[in-house]
Amino acid sequence: MSKIEQTLSIIKPDAVERNLIDEIKNIYTKNNLAIKDSKKIHITKEEAAEFYKVHQSKPFYNDLCTYLSSSPIVVIILEGEDAVSKNRKIMGSTNPKDAEEKTIRKLYGISIDKNSVHGSDSVENAKKEIKFFFKN
Ligand code: CDP
Ligand code: MG
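Report on the accompanying structure.

Conventions used here
- Residues numbered from 1 in each chain as written.
- Chains lettered and ligands numbered in written order.
- Predicted model: local features only at pLDDT ≥ 70, side-chain atom pairs only at ≥ 80, totals over all residues.
- Heavy atoms only, no water.
- Helix = DSSP H or I, 4+ residues; strand = E, 2+ residues; numbered from the N terminus.
- Rg over C-alpha atoms; globule rule 2.2 N^0.38 Å.
- Buried < 20%, exposed > 50% of the residue type's maximum accessible area, 1.4 Å probe, protein only.
- Contact = heavy atoms within 4.5 Å.
- Areas by Shrake-Rupley, 256 points an atom, 1.4 Å probe, with all protein chains shown as cover.
- Lys, Arg positive; Asp, Glu negative; His and termini not counted.
- Charge placed at Lys NZ, Arg CZ, Asp CG, Glu CD.
- Core = buried A, V, L, I, M, F, W, Y, C linked by side-chain atoms within 4.5 Å.
- Phe/Tyr/Trp six-rings, centres within 6.5 Å; stacked < 30°, edge-to-face > 60°.
- Pairing = 2+ DSSP bridges.
- Axes fitted to C-alpha atoms, helices over the stretch in contact; angles between N-to-C directions.
- Near = heavy atom within 4 Å.
- Polar contact = N/O pair within 3.5 Å; in protein donor to acceptor, adjacent residues only side chain to side chain.
- Nonpolar A, V, L, I, M, F, W, Y, C, P; charged D, E, K, R; others polar.

Overview of the overall build of the chain
- In terms of helices and strands, the chain carries seven helices and four strands.
- Start at the N end of the chain and walk to the C end: the helices and strands fall as β-α-α-β-α-α-β-α-α-β-α.
- Here the C-alpha radius of gyration of the chain, 14 Å, is about what a compact globule of 136 residues would show, namely 14 Å.
- If you line up the chain on its principal axes, its C-alpha atoms span 40 × 35 × 25 Å.
- Counting the 136 residues in the chain, one finds 43% classified as buried.
- Long-range pairs, those at least 24 residues apart, make up 75% of the contacts in the chain between residues at least 6 apart in sequence.
- Just so you have it, the chain exposes about 7,700 Å², and 50% of that area is on carbon and sulfur atoms.
- Separation of charge centres in the chain, based on 23 positive and 20 negative side chains, amounts to 1 Å.

This is the structure in structure tokens:
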């Protein structure tokens with residue numbers, strides 16, 4: 001059964017730097033994911049570390065936090081039917097090399113770290129992540 005959900009997308013520094021914000025937003029809306037809220041922000045390394053806390057034991061954690069705080073990002077609340085899994089599908093695999101044709105990461109990703117977008121991986125995490133960036 002499908003249901004209306006919200007999920008968090010982040011357009012990461014590599015994509016913001018290459019002016020891909022509108023292209024990526026278009027992909028969401030074409031796939032019936034409505035943009036409920038969106039803002040461009042530049043987070044601190046401490047905020048990135050808090051956001052990616054789930055990965056704190058991973059070898060890539062420090063670089064990941066440095067990267068996400070290196071220049072502006074765009075955080076977006078997406079809403080639609082099965083938004084969490086739909087967005088994961090639209091994004092493609094973590095490594096752009098493995099991503100399916102026409103996914104955002106296949107189209108725009110540069111490497112496993114500069115993979116252009118973030119997407120929540122569960123409804124529960126989506127709620128937490130949306131709260132993290134959109135507090136009220
Ligand atoms: O973003 P996604 O949920 O697909 O992947 P993840 O496993 O939750 O990892 C979070 C982010 O860490 C990825 O999007 C990559 O940018 C980065 N990462 C990395 O730099 N090197 C890895 N070996 C794995 C992930
Ligand atoms: Mg993840």
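Let's talk about the nonpolar core
- Membership of the largest hydrophobic core comes to 18 residues, with the highest contact counts inside it found for Ile11, Ile24, Tyr28 and Ile104.
- Mapped onto this core, the elements with two or more residues apiece are helix 1 (13–17), helix 2 (21–30), strand 3 (73–81), helix 5 (83–91) and helix 6 (104–108).
- Apart from the residues lying within four places of it in its own chain, the contact partners of Tyr28 are Ser9, Leu33, Ile76, Leu78, Asn87, Ile104 and Val117.
- Counting 16 residues, the second-largest nonpolar core is a separate cluster that includes Leu68, Ile73, Val75 and Ile77.

Regarding the packing of aromatic side chains
- One pass over the full model with this rule turns up four aromatic pairs.
- Considering the side-chain rings of Phe51 and Phe132, the 5.6 Å spacing of their centres and the 55° angle between planes classify their relative orientation as tilted. Pair noted here: Phe51 is in helix 3 (residues 45–51) and Phe132 is in helix 7 (residues 123–133), with a separation of 81 residues, a long-range link.
- Residue Phe51 is classed as buried on the basis of its relative accessible area of 9%.
- When the centroid spacing of 5.2 Å and the interplanar angle of 45° are considered together, the rings of Phe51 and Phe133 count as tilted. A residue pair is termed long-range when its members are at least 10 positions apart, and Phe51 in helix 3 and Phe133 in helix 7 qualify at 82 residues.

A few points about the sheet that holds strand 1 (residues 4–11)
- The antiparallel open sheet is built from four strands, whose spatial order is 2-3-1-4. Two strands lie at the open edges of the sheet, namely strand 2 (34–41) and strand 4 (117–119), each paired on one side alone. Mean inter-strand twist for the sheet, computed between neighbouring axes without regard to direction, equals 20°.
- Relative to strand 3, strand 2 is paired through seven bridges, and the arrangement is antiparallel.

Describing the site of ligand 1
- As a structural note, the neighbourhood of ligand 1 is formed by Lys12, His55, Phe60, Leu64, Arg88, Thr94, Arg105, Ile112, Asp113 and Asn115.
- Between ligand 1 and Ile112, the relevant distance is 3.1 Å, taken from an oxygen atom to a main-chain nitrogen or oxygen of the residue.
- At a separation of 2.9 Å, an oxygen atom of ligand 1 approaches a polar side-chain atom of Asn115.
- About the coverage of ligand 1: the protein hides 78% of its 510 Å² of free accessible area.
- Residue composition of the shell around ligand 1, by class: three nonpolar, three polar and four charged.

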